Amino acid sequence: MTERKIEIKIRECQLSELSESDRNLVEMARRASMGSHSPYSRFAVGAAILLDNGEIVTGANQENAAYPSGTCAERTAAFYASARYPGAKFVKLAVAARNVPGPYVSEKDYDRSFQALPISPCGACRQALLEYENTDAPTEVILYGRERVMVFPSIASMLPYCFTEF
Ligand code: THU
């Protein structure tokens, strides 16, 4: 019998400890959450992806009255990025989420509307994102929370023993 242990090195820090370009990506994810269509969950998520061609693509979750027809922010951004820039690999992904008490959030309440702790991409998004990761230069994942930011080294590290070939 063989036993295997899987280890992931996750960094936890404050937003202020990120580089300026990473903070910019986080802000783009936060802003992207304003494009969320989430009348059912009232939970707005934004994602921003830095591509290996230097472009940044964003997305937000889109819900639907027929619930399963909706899509998470990460997949909205990933699929748009691939459709817009076929073959581009993902260098970094930032995700931010907030509760949406009403249709609009004033600039004053914008900051504190975000979750204190980061949210983490769902399994389906991890599987979808994996397809655009360059294994030689993995996609860093920055999960934003007001009180804590978590940085994962790759998509693959978030989905061990993933399905990649058939
Ligand atoms: N959602 C995302 O967009 N990304 C995540 O990482 C987790 C969940 C969305 C799906 C749904 O529109 C809402 O958040 C509540 O689950």
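Attention here is on the structure that accompanies the text.

Rules of the game
- Residues numbered from 1 in each chain as written.
- Predicted model: local features only at pLDDT ≥ 70, side-chain atom pairs only at ≥ 80, totals over all residues.
- Heavy atoms only, no water.
- Near = heavy atom within 4 Å.
- Polar contact = N/O pair within 3.5 Å; in protein donor to acceptor, adjacent residues only side chain to side chain.
- Areas by Shrake-Rupley, 256 points an atom, 1.4 Å probe, with all protein chains shown as cover.
- Helix = DSSP H or I, 4+ residues; strand = E, 2+ residues; numbered from the N terminus.
- Nonpolar A, V, L, I, M, F, W, Y, C, P; charged D, E, K, R; others polar.
- Phe/Tyr/Trp six-rings, centres within 6.5 Å; stacked < 30°, edge-to-face > 60°.
- Buried < 20%, exposed > 50% of the residue type's maximum accessible area, 1.4 Å probe, protein only.
- Contact = heavy atoms within 4.5 Å.
- Pairing = 2+ DSSP bridges.
- Axes fitted to C-alpha atoms, helices over the stretch in contact; angles between N-to-C directions.
- Patch = residues over 30% accessible without salt bridge, like charges linked within 9 Å, V, L, I, M, F, W, Y side chains within 5 Å.
- Salt bridge = Lys/Arg side-chain N within 4 Å of Asp/Glu carboxyl O.

1. Quick word on the site of the ligand
Ser41, Phe43, Val45, Asn61, Glu63, Cys72, Ala73, Glu74, Ile119, Ser120, Pro121 and Cys122 make up every residue found near the ligand. Measuring from an oxygen atom of the ligand, one finds a backbone N or O atom of alanine 73 at 2.8 Å. The side chain of glutamate 74 places a nitrogen or oxygen atom 2.6 Å from an oxygen atom of the ligand. When isolated, the ligand has an accessible area of 370 Å², and the protein chains bury 75% of it. Of all the secondary-structure elements, those providing two or more residues to the shell around the ligand are strand E2 (43-51) and helix H2 (73-84). Among the residues making up the shell around the ligand, the classes are represented as 7 nonpolar, 3 polar and 2 charged.

2. With respect to the packing of aromatic side chains
Applying the stated criterion across every chain yields a total of 5 aromatic pairs. Centroid distance phenylalanine 90 to tyrosine 132: 4.9 Å. Interplanar angle 25 degrees. Geometry classified as stacked. Here phenylalanine 90, found in strand E4 (residues 90-99), pairs with tyrosine 132, found in the loop between helix H4 (123-130) and strand E5 (140-143); they are 42 residues apart in sequence, far enough to count as distant. Grouping residues by exposure puts phenylalanine 90 and tyrosine 132 together as buried. Grouped by ring-pair contacts, the aromatic residues Tyr110, Phe114 and Tyr144 constitute a single cluster.

3. Some remarks on unusual backbone geometry
Here arginine 42, not a glycine, exhibits a phi torsion of approximately 55 degrees, which is positive. Inspection of the secondary structure assignment puts arginine 42 in the loop between helix H1 (20-32) and E2.

4. Here we look at H4
All buried positions along H4 are accounted for by Cys125, Arg126, Ala128, Leu129 and Leu130. Here the buried face of H4 lies against H2 and E4.

5. Structural notes on the sheet that holds E2
With mixed pairing, the 6 strands of this open sheet are ordered in space as E1-E6-E5-E4-E2-E3. Taken across any chain shown, the strands that pair with only one partner, and hence form the sheet edges, are strand E1 (11-13) and strand E3 (56-60). Taking the axes of each pair of neighbouring strands and ignoring which way they run, one obtains an average angle of 15 degrees across the sheet. Bridging between E1 and strand E6 (residues 149-152) involves 3 bridges; their strand directions are antiparallel. Its bridge partner lying in E6, glutamate 12 is registered against methionine 150. Relative to the sheet, H2 contacts E2, E3 and E4, its axis offset from that of E2 by approximately 35 degrees.

6. A look at a nonpolar patch on the surface
The grouping of Ile6, Ile8, Ile10 and Tyr161 at the surface amounts to a nonpolar patch, some 420 Å² of accessible area in total. In this structure, isoleucine 10 sits in the segment before E1. With relative accessibility at 36%, the residue isoleucine 10 sits in the partly exposed group.

By themselves, these figures tell us nothing about what the structure is for.
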